[in-house]
Amino acid sequence: MVLVLALGDLHVPHRAPDLPAKFKSMLVPGKIQHIICTGNLCIKEVHDYLKTLCPDLHITRGEYDEETRYPETKTLTIGQFKLGLCHGHQVIPWGDLDSLAMLQRQLDVDILVTGHTHQFTAYKHEGGVVINPGSATGAYSSITYDVNPSFVLMDIDGLRVVVYVYELIDGEVKVDKIDFKKTTTVNLVFL
Amino acid sequence: MLKGKLKLPVPEKALRVFPDRLGSLVAGFDDKEEDNGGSDVAFEHGEELETFQPNGFKSDRASDDDEKFQEELEVKVRPRPDKDGAGPASVSRVIAADEKRSDLEYELSRPEINLEKLQRIASTGLPDGGRLRAMAWKLLLGYLPPSRDLWEKELTENRKKYANLKEELLQSPSKFTRKDGAFSPDEQHVDRDMDGPLQRQEISQEDHPLSLGKASVWHEYFQHTEIVEQIDRDLQRTHPDMKFFSGDSSFSRKNKEAMRNILILFAKLNPAIRYVQGMNEVLAPIYFVFTTDTDEQNAGNVEADSFSCFVRLLSDSVDHFCQQLDNSAVGILSTLSRFSELLKANDEELWWHLEFTSKVRPQFYAFRWITLLLTQEFNFQVILRIWDSLLGNPFGVQDMLLRVCCAMLLCVKSRLLSGDFVANLKLLQHYPDINIEYLLQVAQDLSPDTSSFRLSL
């Protein structure tokens, strides 16, 4: 039972001062085993804050990040799943499923997590899953209007993943759940 | 067996006659040896056995039910000089031990067990190995009722209860949410094998991992992780010299896993005390005795039995672990003052010396003795022997415990009287090896503290 937090596009301090208070109260240290961050934090203070939540932190570089040494892409294996991480501004057209699928094949992962569009999406596409956790602070974006703050928490348990989506809509935290299972071959089956 | 040491439950006496019928057989005088209880005597017996075989003594042994016992005796003989020259005394001791064993077996095989008789036998020590100690402890703790025909029913009931508890409380939250059938298969059918956006289910009102609600399974789970970590740390430190508990073998890991479950369950069921450091030490002897029980019927249920007996044993002294009750009438401080009174009633000189002259208050040494039931003061075999006496006391474990602690003080009286604060404290916190039978006999003979509400025989 591994809890993985996926978030990104905070744009602190340029576009947003901080995470919403309701999110901050939920994110306490000791619960989460891994954090994967798509990028655009942008400053070191946010990095340090995320480190306090969980020591195992993986970040890829977004175009506004001030730390230049984050990698462009990253892959990691958690339990039975291979996860891929990339900010997403490198993949053109931005947010296009087919192009993201190309990246997924390149990285050879089951679950690809990208950001940049500031909008939560979760798709099953060509044998893999593409998840976009959206923007955790609700920072504005040139390609999305009315951004709601959102992030994703994945509960990886053996061959099964439960994805909890946390969104702040009209000041209230809404939680959604997505369930999926990996078969022994590449394809993912949805229950 | 453990460390190659054998323990024969031999009642040894220094110049005094035993109250029970075995006393007349024992004629030897035994010094207070600086060794582990009577274990060296056991090796002598082995030797004696060898010598007396031609006299037809062996045929006696061969008729013994428990062959394993015989095997052990023959295997573990270590050549040692005969400590007491009285040959007949050693033989009679062996015969006495043998008789006690068959006595015990007879007692335990009766349909209606006489608990008083069992207590008396237990106070003189139970035989190691085999199934007798485990059965005796279960009876003395009240886990098994005295009438044999109710055993089956009690055991299955308790074991089932334990299994249910485990399922309910020890599950990880993901498995819990999975069991609820939290998704509807019909809706999702459309998506099967088809690309496209994934179906989402709104669960804002239900449980999720970051939930801070009191009723949330996840929240509870995270609250307990701290306790679980503490339990794990303590289990690593339990009896590091024993292969049974420590090391990386799968056997010791299995044992630690079982003990972990028991302690976590106890912590969850008793939110007032939760887990306190040291409970692992109180659990260890119980779990050990039940695991080494040679009775196959009990083999699969060691965990469940240990849990119930652990709870029963702790129910007496559980108040000692609760910090808020420290100063109350049932807390540890009141027990310590009872202990002081007991010492005063039996040896005022020593009491005065400790309390006032060297200012060694019972809080400094007896706290650990009492809360952990002496598991940290002696080696493992001796602990089992002491617990036989503790459990076999008709007035309860706590009463005997205080007596044994008092006896511990009396047995090192001369050293205490000549020591100051530092020396005495050092002595009492690292209690020296002592002849355990002598110690227990002294404990038995103490005059009870008349200020307590319990009257002696």
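These figures come from a predicted structure and were not determined experimentally.

K.L.:
How should the overall build of chain A be read in this particular structure?
P.N.:
From N to C terminus, chain A includes three helices and twelve strands. Within chain A, the fraction of its 191 residues that count as buried is 61%. Residue pairs in contact within chain A that sit at least 24 positions apart in sequence constitute 54% of those at least 6 positions apart. Accessible surface computed for chain A: about 7,600 Å², of which carbon and sulfur atoms make up 53%.

K.L.:
What am I meant to see in the interface of chain B and chain A here?
P.N.:
How big an interface is tends to be stated in terms of accessible area lost as the parts join. Contacts between chain B and chain A engage 32 residues on the former and 33 residues on the latter. Counting across the chain B and chain A interface gives two salt bridges. Between E167 of chain A and R200 of chain B there is a salt bridge, with the nearest N and O atoms lying 2.7 Å from each other. There are five residue pairs in polar contact (both at pLDDT 80 or more) connecting chain B and chain A. Mapped onto the side of chain B that touches chain A, the elements with two or more residues apiece are α8 (173–179), β1 (196–197), β2 (201–202) and α10 (217–236) of chain B. A class-by-class count of the residues in the side of chain B that touches chain A yields 13 nonpolar, eleven polar and eight charged.

K.L.:
What exactly am I supposed to notice about helix α21 (residues 436–445) of chain B here?
P.N.:
In an α-helix, one full turn covers 3.6 residues, which means residues spaced three or four apart are oriented alike. Residue and element names in this part refer to chain B. Most of α21 sits out of view: seven of its ten residues are buried. Those residues of α21 not exposed but buried are I436, E437, L439, L440, Q441, V442 and A443. N-capping of α21 is provided by N435, with a side-chain oxygen placed 3.0 Å from the backbone N of E437.

K.L.:
Is there a simple way to think about the environment of A366 of chain B in this case?
P.N.:
Residues and elements named next belong to chain B. Summarising the element assignment, A366 is placed in helix α16 (residues 362–371). Taking the C-alpha atoms as reference points, A366 and S340, 26 residues apart in sequence, are found 9.9 Å from one another. Those residues in contact with A366, other than ones at most four positions away along the chain, are L336 and F339.

K.L.:
Quick question: what am I supposed to make of the environment of S135 of chain A here?
P.N.:
All names here are of chain A. Looking at the secondary structure, you find S135 in the loop between β8 (128–133) and β9 (150–157). By relative accessible area, S135 is classed as buried at 0%. Between the C-alpha atoms of S135 and L10, which are 125 residues apart in sequence, the distance is 5.8 Å. When near neighbours in sequence (up to four residues on either side) are disregarded, S135 contacts G8, D9, H118, V147, N148, P149 and S150.

K.L.:
Honestly, the packing of aromatic side chains in this entry has me stumped. Any pointers?
P.N.:
The geometry of an aromatic ring pair comes down to the distance between the two centres and the angle between the two planes. Residue and element names in this part refer to chain B. A full pass over the atoms with the stated rule returns 22 aromatic pairs over all chains. When the ring of F244 is compared with that of F245, the centres are 4.8 Å apart and the planes differ by 75°; the resulting orientation is edge-to-face. Accessibility assignment for this pair places F244 and F245 in one class, buried. A ring pair is formed by F244 and F288, whose centres lie 4.9 Å apart and whose planes are at 75°; its orientation type is edge-to-face. With a gap of 44 residues between them, F244 in the loop between α10 and α11 (250–269) and F288 in helix α12 (residues 279–291) connect regions that are remote in the sequence. Taking the relative accessible area as the measure of exposure, F244 reaches 7% and is therefore buried. Put simply, the rings of F244, F245, F251, Y287, F288 and F380 touch in pairs and so form one group of aromatic residues.

K.L.:
Please clarify how α16 of chain B should be interpreted in this entry.
P.N.:
The set of residues buried in α16 of chain B consists of P362, Y365, A366, W369, I370 and T371 of chain B. Residue L373 of chain B follows α16 of chain B closely and has a positive phi angle near 55°.

K.L.:
What's the story with a nonpolar patch on the surface in this structure? I'm lost.
P.N.:
Residues and elements named next belong to chain A. Taken together, I92, W94 and I143 make up a surface patch of nonpolar side chains, about 330 Å² in accessible area. Along the chain, I92 turns up in the loop between β5 (81–86) and α3 (97–107). Overall, the relative accessible area of 67% leaves I92 in the exposed class.

K.L.:
How do you make sense of unusual backbone geometry when you look at a structure like this?
P.N.:
Among all residues except glycine, the phi angle is most often negative; among peptide bonds, the trans geometry is most common. All names here are of chain A. The residue after V12, namely P13, is reached through a cis peptide bond having omega 5°. Along the polypeptide, P13 turns up in the loop between β1 (2–7) and α1 (21–26). Of note, the amide linkage connecting I92 to P93 takes the cis form, showing an omega dihedral of 0°. With respect to the helices and strands, P93 occurs in the loop between β5 and α3. Here D146, not a glycine, exhibits a phi torsion of approximately 50°, which is positive.

K.L.:
Would you explain the pattern of salt bridges in this entry?
P.N.:
Pairing is possible between side chains of opposite charge, provided their charged atoms come close. Under the criterion given, the structure shown has 20 salt bridges over all chains. The partner of K44 of chain A in a salt bridge is D48 of chain A, with the nearest N and O atoms 3.2 Å apart. Linking K44 of chain A with D48 of chain A, this pair stays in helix α2 (residues 44–53), spanning four residues, or about one helical turn. The exposure class assigned to K44 of chain A is exposed, which follows from its relative accessible area of 56%. It is possible to trace a salt-bridge network through shared partners that takes in E167 and D176 of chain A together with R200 of chain B.

K.L.:
Whenever I open this one, the nonpolar core confuses me. Can you help?
P.N.:
Across soluble globular proteins, nonpolar side chains have a tendency to be buried as a group. Counting residues in hydrophobic clusters, the biggest one holds 105 residues, and the most contacted among them are F310, W369, F378, L409 and L439 of chain B. Counting residues per element, this core draws most heavily on helix α18 (residues 397–411) of chain B, which supplies eleven residues. Membership of the second largest hydrophobic core comes to 34 residues, among which are L19, L27 and L168 of chain A together with F222 of chain B.

K.L.:
Which parts of the structure should I look at to understand the sheet that holds strand β7 (residues 120–125) of chain A?
P.N.:
Strands belonging to one sheet form pairs held by backbone hydrogen bonds; the direction of such a pair is parallel or antiparallel. Across the sheet, six strands lie side by side as β4(A)-β5(A)-β6(A)-β8(A)-β7(A)-β1(B); this open sheet has mixed pairing. Each end of this open sheet is capped by a strand with a single partner; those strands are β4 (73–78) of chain A together with β1 of chain B. Here strand β6 (residues 111–114) of chain A pairs with β8 of chain A via three bridges, running parallel. Across the sheet, the residue bridging to V113 of chain A is I131 of chain A, located in β8 of chain A. Across the sheet, α3 of chain A touches β4, β5, β6, β7 and β8 of chain A, and the angle it forms with β6 of chain A is around 120°.

K.L.:
I keep staring at the pairing of β7 of chain A and nothing clicks. Help me out?
P.N.:
Two faces belong to every sheet, and in a regular strand the side chains alternate between them. Of the pairings in the sheet, the one linking β7 of chain A to β8 of chain A comprises six bridges and is antiparallel in character. Following the sheet pairing, K124 of chain A is matched in β8 of chain A by V129 of chain A. Linking β7 of chain A back to β8 of chain A in an antiparallel pair, the connection comprises two residues, with E126 of chain A at a positive phi of about 50°. Inspection of the sheet shows β7 of chain A paired to β1 of chain B by two bridges, in the antiparallel sense. Bridging from a neighbouring strand, Y123 of chain A pairs with P197 of chain B of β1 of chain B.

K.L.:
How should the environment of I264 of chain B be read in this particular structure?
P.N.:
Residue and element names in this part refer to chain B. Here I264 lies in helix α11. By relative accessible area, I264 is classed as buried at 8%. As a C-alpha pair, I264 and D232 span 32 residues in sequence and 9.9 Å in three-dimensional space.

K.L.:
How should the packing of α11 of chain B against α12 of chain B be read in this particular structure?
P.N.:
Any two packed helices are characterised by the angle at which their axes cross and by the distance between the axes. Residues and elements named next belong to chain B. Two elements in contact, α11 and α12, have axes separated by 11 Å at closest approach and are oriented at 125°. In this view, α11 runs oblique relative to α12, as classed from their interaxial angle. Crossing geometry of α11 relative to α12 is assigned as right-handed. Only M279, N280, L283, A284, Y287 and T291 of α12 make contact with α11, whose side of the interface consists of K254, N255, A258, M259, I262, L263 and F266.

About the cut-offs
Residues numbered from 1 in each chain as written. Chains lettered and ligands numbered in written order. Predicted model: local features only at pLDDT ≥ 70, side-chain atom pairs only at ≥ 80, totals over all residues. Heavy atoms only, no water. Helix = DSSP H or I, 4+ residues; strand = E, 2+ residues; numbered from the N terminus. Buried < 20%, exposed > 50% of the residue type's maximum accessible area, 1.4 Å probe, protein only. Contact = heavy atoms within 4.5 Å. Areas by Shrake-Rupley, 256 points an atom, 1.4 Å probe, with all protein chains shown as cover. Salt bridge = Lys/Arg side-chain N within 4 Å of Asp/Glu carboxyl O. Polar contact = N/O pair within 3.5 Å; in protein donor to acceptor, adjacent residues only side chain to side chain. Nonpolar A, V, L, I, M, F, W, Y, C, P; charged D, E, K, R; others polar. Phe/Tyr/Trp six-rings, centres within 6.5 Å; stacked < 30°, edge-to-face > 60°. Patch = residues over 30% accessible without salt bridge, like charges linked within 9 Å, V, L, I, M, F, W, Y side chains within 5 Å. Core = buried A, V, L, I, M, F, W, Y, C linked by side-chain atoms within 4.5 Å. Pairing = 2+ DSSP bridges. Axes fitted to C-alpha atoms, helices over the stretch in contact; angles between N-to-C directions. Parallel < 35°, antiparallel > 145°, perpendicular 65-115°, else oblique. Left-handed = near helix turned anticlockwise from the far one by under 90°.

No statement about biological role is implied by the geometric values presented.
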